[in-house]
Structures are given as structure tokens and as C-alpha cells.
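Analysis of the macromolecular model
What follows is the residue order along each chain.
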Amino acid sequence: MCRENRYIPLADGFAPKLAGCARLFAESVFAAGPGDVRRALGKDTLNEKDFAALLSPAAGAELEALARRARDETMRRFGRARQLFAPIYLGNYCTNKCVYCGFHAGTGIRRKALTPDEIEAEAEALYAVGLRRVLALTGDAPKRTGADYIAAAVEILARRFSSVGIEVQALTFEEYAGIARAGADSMTMFQETYDAEIYARLHPSGPKRVFANRLDAPQRAAAAGMRAVNLGALLGLGDWRSDIFMTGMHALFLQRRFPGLEIGFSLPRIRPAKSDSSFSPTPVPDRCFVQALTALRCFMPYAGITLSTRESAVMRDKLLPLGVTRVSAGVCTGVGGYARPAQDGSVQWDIDDRRSVAEMAADLEKLGYSPVFSDWLLPGGGDLPLAGALRDAVGATETGA
Amino acid sequence: MQQTSTQSAQAGDTADDPLLLGGERLESRLFLGTGKLGREELIPDLLRASGARVITVALRRVDLSRKADDILAHIPADARLLPNTSGARNAAEAVRLARLAAACGAGNWIKIEVINDPRNLLPDGYETARATEILASEGFVVLPYINPDLYVARDLVNAGAAAVMPLGAPIGSNRGLQTKEMIRILIEETALPIIVDAGIGAPSQACEAMELGAAACLVNTAVATAADPVGMAAAFGRAVAAGRAARLAGLGRVLEQGSAASSPDEGLSAGFPEA
């Protein structure tokens, strides 16, 4: 069929394009002057070189102009609606040793994977505060929280929530297909850094060591039926300009291959965690962070952008007009922490913005935004919560309530 | 409702020129969207200020379990709710959404949106026609959103659509009637009301669409993202009414070149004998 998604093997994926993208970046980003930045900002649609110009040091001096364009694009495409969601940590078993992560195999934290009943309890707690979109997370532990475990968890969550995403280890095409059938509509995959050398140093052991397998995961997921893919680099590991540029190129590659795919970005900046003390991140200053976000927004005006509670409430509020379209709220980064708030402090990273869902929604309204709780991607699975509510409504009518 | 009619009448005397659609008399030819509003509580004010009665809501944003907080709670009882199938990527998904809308009490009007291109948000005419055919046969009042393509429009007529909704320009672009010549052909060739949807960024552009012969206009971004959405909705209400009034009054022909005297007498008919 001419309209079917095709599974594209690794050799035909983004990995072979990396070197070319890196070359383009190196040639463009430091050569770009103020004229290139202004030209890029004056165009309707930005190409790869324009994107590089917006990430250049020269563009850093034009941050106000960049922010104006980003604000206009965001308003045009997304208006004043902003989505709310929360992550739900299913398990923290992990066989990787990512040196920057609080959950890595070498840390002495208490390990746990939620049982079906516990997942149900977490779901109930999140549902009760009004959330209808969740992102399910695990560590990389195929024996404890492998694809079958994730699919079963998604099935439980999809009974209640209008949108369920996953942020888990890199899986196979077949595994993604199974999880999509179970009701997941999106996958989030942080490549962490697109610099293969730095990547190798930061991921000394575990399945995640294989750079190309992770890089190819979003397209396996898209081919397997995930409707949305969110990409991100963990800012602070490698050079931020290069990692943001490659994230954009990766997204463009996926967009061209899967025109129906909804592309999204997350912009996590590294936060303190109980990680390897030998690792010291390169902090990304606020102005550079804003440049990264606004450059991505100008390059891909249609992409959703997520900003997590790693960032402060002030920073998150200020970035809402400039491109952020999805925010988490009332977040716990510990396993099972919604139904039973964490007692032992085993969290993946420390939260900065501690606003509850109700507080976040109220603050959004104060800032002139409409907090959107329900926004399905998947009419197949997304009608389940509506159908449930329908039954309630019909039942209420029949009993005269 | 009373207030609505009064306002439309003031805006341009369209009260005696209703749009008949799906068995209803619509006094205003402006339809409003809701997808980008900052405050859903504004919906009643937008309707009142503009005179519009038809309002479209994405079913993907509806969550009946939230009751008072849900968007449907802000739609006045006298408005005509037009659920849309935003999020559907093929005919089957659009059909499923439409049936759900009806099942949850949102009525039998449905705006079909089938989009499988998040980058450009352009509608898929083939899948839209398929969904229209199925839903019209089930008794829905189907308003399909399309590229202004004559062949798709003819398919939609055959499929039982109640109206055809061609885009003036890409959604949210505020570029106005970029597809004007194609829309003109649809208006001339199609036996159904043509409702221009998407791309209208200013009241003057809505007025132009109505002067061209569109039966109505649907506006979302231009109102929702205005500094004063209620004021902008009111301006659109007047512009649509003015454009419609001009259409009914009969516009002069636009000359390709030269000029025409206001009182011409060139003697062209002189010298012919009376019959």
C-alpha cells in the first residue's frame, strides 16, 4: 500500500547522516554573522543553515529578535492552549551506568518495580488531581521491566488516561508495536548527546552503550505505530549548540520519513542527582538555554515543546510564550510516589518547580493560558476515558440524577 | 438567542437572510473555533459580541469526567455545537470520533477534519470524502474541511455533505484568501453552501470571502490570538455581515483594464430600428 509506514532498517536510519549534519553545523554555526541571523529571522520557513545561524554566538546577541519570532510562531500555531501532564515512574531497576543518573546500576538506592495494583493506585492518584495525560518511565532492565511489563502497564494506564506516552529503554520494532497496540500514543527518547565520543564516555556499560541502537529507536517507534515522538538531548553533557542542532536535524529526518508523525522536543538541563561523583556537567546558562529553545521553535514552528519541573517555576513561566507547549505539574520522580509519597528519597533527579497540578493550572490561567488536560492523540485508545464518562453520564440520566 | 439575533441585525441586516444548514436557520454567517483560546470562559462573550451561533470544538479536548471544568460546560445552550474530528488521520478514525460525539450528546453535526500532516496541517481529501459518505448515510449533518479541490467537492456532494469547507490558506497562517480563485470555482460549481475555513486572519478577509459568495466563514486563530478576542469577534461579526450584504446587493464587475464612465452613453444601440 502506498500509504503504509515502512520499517526502515538501521543502515538507512539517521546514523549515517550524523557526519554530514555535524559537518554542516561546523561550517555554519561559527561562520554565521548578524546578517545571517537577521536573514534567517526574516524568512517564512527556515532551512538547516538558518537553524545553525540561530544557534550561533552571533544570534546570542540577537536574543530579543529571536524571542519575538519564537513568540509569534508559538501564538500562531498553538494559541493560548498549554497541555498539562505528569510522569509516572513504573520502576527504577537499571542495568546501565550512565554517570549522570540517580537511578544508575551502581547507586545504592532501593529498587522497585510497581505491581499492576500499584500502577492502578498511581493512576488513580494522578487522575484524582485532574490529569489525563501521563508519561510512563522505567530504567533499562529487560528482565524486570521489559517490553511485556511496559505493555501491561500501558494497558492499565490507557483505561483511565486520554494519552499515555512511554519513556523507556530503546526497544525493537515489534516491541514498540505491541506497546502501541496496548494504548501508548507517543514515545520519548533522549539521545542524551549526539556526540558519539562523549556518549561512549558517559555510558560505560549496559545495553544503552550502543549509541546507534538508541539513535534509531524513534524511527522504529514511528514505523511501529506511535503517533508522536519526542526527542531531546540532556543539555549539559556535550556542547549545547551542537546537541540542539542535531536534535533538530534528527526531527527533520523523522518528519520527512513519516509526514504524519507529531514531532516534539524536550529540553532537559542536567540537575543534581546521586550520580557518579567523577562526573561534572557543563552547565548551560539561562540565556543559552533560551536561545536553544527559541531556535528550535523558529526552525520547527509545529513541534510541541516540553519543559519539565527540572526548571524553576520562574523560568518555566517565562518560557511559556516563547515556545513551551507542554508542562508537567505535581511531579514525583520516585517510583510509586503519587499514591505513597516517597519516604527514602529515591528519586531520579531533584525537582525545582514543585507546584501542584491545581497551582500550575491556576498560574497558567493567571498568565493568560488555558490549561489543557485532555488532548488525545489516539482515537482508538483515547476514547476509553470518554466512553467511561459516557457510561457514567447515561447511568446518571437513567437514575434521574 | 434574542440578543444574538438583535446583534446580527444591527451588524448588517442578515436576520432576513438566514443560512439554512442541517435543517436549521442560522442568522449569523460567522462560525467560531475554540482551539487556541486562553480562557474557555470567554466563549459566551465571543458568541454574544459576534452574533455567531455555530461554535466548533475538538472532541479530543472534551473530557466529560471533568464536568464543570470541561470545555463543553462553557458552550451556551442556544449555541449550535459543531464537534470536529481534529486528531483523526484517516476516515475510520474520523467516523469513530463522530459516533462518539453523537453518543456523548454533542448532537449530529460534525465537522470532518482528517489530517495526517502535522507540519502543514493540510486535509486529506480522499479520506475526508470516505468519512463523509459513511457519516452522512448515518444521518449526520457533515461539514467536511478540504483543500479547495473541485473533484473532492463533487465527491462530497455525492457523499451527502451538508456544506463544503475549503481552506483560504493554511490553518493559523492569517494569510487570507490565498486560494481565492479555487474557492470562486467551488462557489460557482457546487450546489452546497461553501464555508471558508482556515487562514482568515482579518475581518477584511472574511468580508472578501463573503463578497465572493461564500455562505459563511469559520474563524479561530484570528479571534483567539487577538489582544482582545471579544472585540475581534465583534469585528468579524460585522465584517461577515457586511460582505454578505454586499454580495446580495450585487457588486460591480472588476475591470481588467481601463475605466468605465459613471453615466455612459456611447450610442452603441443607436440606429437599430424598433421591432
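Read on for an overview of the structure. (Residues numbered from 1 in each chain as written. Chains lettered and ligands numbered in written order. Predicted model: local features only at pLDDT ≥ 70, side-chain atom pairs only at ≥ 80, totals over all residues. Heavy atoms only, no water.)

Attention now goes to the overall build of chain A. In terms of regular secondary structure, chain A is built from 17 helices and nine strands. Taken across its 401 residues, chain A has 61% of its residues classed as buried. Considering only contacts within chain A whose residues lie at least 6 apart along the sequence, 76% involve residues at least 24 apart. Accessible surface, chain A as shown: approximately 15,600 Å² in total, 53% of it carbon and sulfur. (Helix = DSSP H or I, 4+ residues; strand = E, 2+ residues; numbered from the N terminus. Buried < 20%, exposed > 50% of the residue type's maximum accessible area, 1.4 Å probe, protein only. Contact = heavy atoms within 4.5 Å. Areas by Shrake-Rupley, 256 points an atom, 1.4 Å probe, with all protein chains shown as cover.)

A word on the interface of chain A and chain B. Counting residues at the interface gives 36 residues for chain A and 39 residues for chain B. Taken over both partners, the interface formed by chain A and chain B buries close to 3,300 Å², and the fraction arising from carbon and sulfur atoms is 49%. In this assembly, chain A and chain B are joined by three salt bridges. Here Arg 227 of chain A makes a salt bridge to Glu 93 of chain B, at a shortest N to O gap of 2.8 Å. (Buried area = accessible area lost by both parts, 1.4 Å probe. Salt bridge = Lys/Arg side-chain N within 4 Å of Asp/Glu carboxyl O.)

Turning to the pattern of salt bridges, a few remarks are in order. For the coordinates displayed, the defined rule picks out 35 salt bridges over all chains. Among the charged side chains, a salt-bridge network with shared partners connects Arg 316, Asp 317, Asp 353, Arg 355, Asp 363 and Lys 366 of chain A.

Residues and elements named next belong to chain A. Turning to helix H9 (residues 173-181), its buried residues are Tyr 176, Ala 177, Gly 178, Ile 179 and Ala 180. The inward-facing, buried residues of H9 contact helix H8 (147-158), strand S3 (163-167), strand S4 (186-192) and helix H12 (217-223). In the stretch just after H9, Gly 183 is the one whose phi turns positive, near 125 degrees.

Moving on, we come to the packing of aromatic side chains. Residue and element names in this part refer to chain A. Tallying each qualifying case throughout the model produces six aromatic pairs over all chains. A ring pair is formed by Tyr 199 and Phe 211, whose centres lie 5.0 Å apart and whose planes are at 80 degrees; its orientation type is edge-to-face. You can see Tyr 199 sitting in helix H10 (residues 196-202) and its partner Phe 211 sitting in helix H11 (residues 211-215), a full 12 residues away along the chain. Exposure remark for Phe 211: the relative accessible area of 13% places this residue in the buried category. The rings of Phe 25, Phe 51, Phe 245 and Phe 299 are connected pair by pair, giving a single aromatic cluster. (Phe/Tyr/Trp six-rings, centres within 6.5 Å; stacked < 30°, edge-to-face > 60°.)

All names here are of chain A. Between H8 and H9, the shortest axis-to-axis distance is 8 Å and the interhelical angle comes to 15 degrees. In terms of their interaxial angle, H8 and H9 are classed as roughly parallel. For H8 against H9, the interelement crossing comes out right-handed. Touching Ala 147, Ile 150, Ala 151 and Val 154 of H8 are Glu 175, Gly 178 and Ile 179, all from H9. (Axes fitted to C-alpha atoms, helices over the stretch in contact; angles between N-to-C directions. Parallel < 35°, antiparallel > 145°, perpendicular 65-115°, else oblique. Left-handed = near helix turned anticlockwise from the far one by under 90°.)

With respect to the helices, strands and loops of the structure, Glu 192 of chain A is situated in strand S4. Those residues in contact with Glu 192 of chain A that sit more than four places away from it in its chain are Tyr 100, His 203, Lys 208, Arg 214, Gly 232, Ala 233, Leu 234, Leu 237 and Asp 243 of chain A.

Among the nonpolar cores identified, the biggest contains 129 residues, and Tyr 100, Ile 166, Tyr 176, Phe 265 and Leu 267 of chain A are the most heavily contacted of them. Once you skip the residues sitting within four places of it in the chain, Ile 166 of chain A turns out to touch Leu 135, Ala 136, Ile 150, Val 154, Tyr 176, Ile 179, Ala 184, Ser 186, Met 187, Thr 188 and Met 226 of chain A. Residues Leu 47, Val 95, Ala 161 and Leu 212 of chain B belong to the second largest nonpolar core, which totals 62 residues. (Core = buried A, V, L, I, M, F, W, Y, C linked by side-chain atoms within 4.5 Å.)

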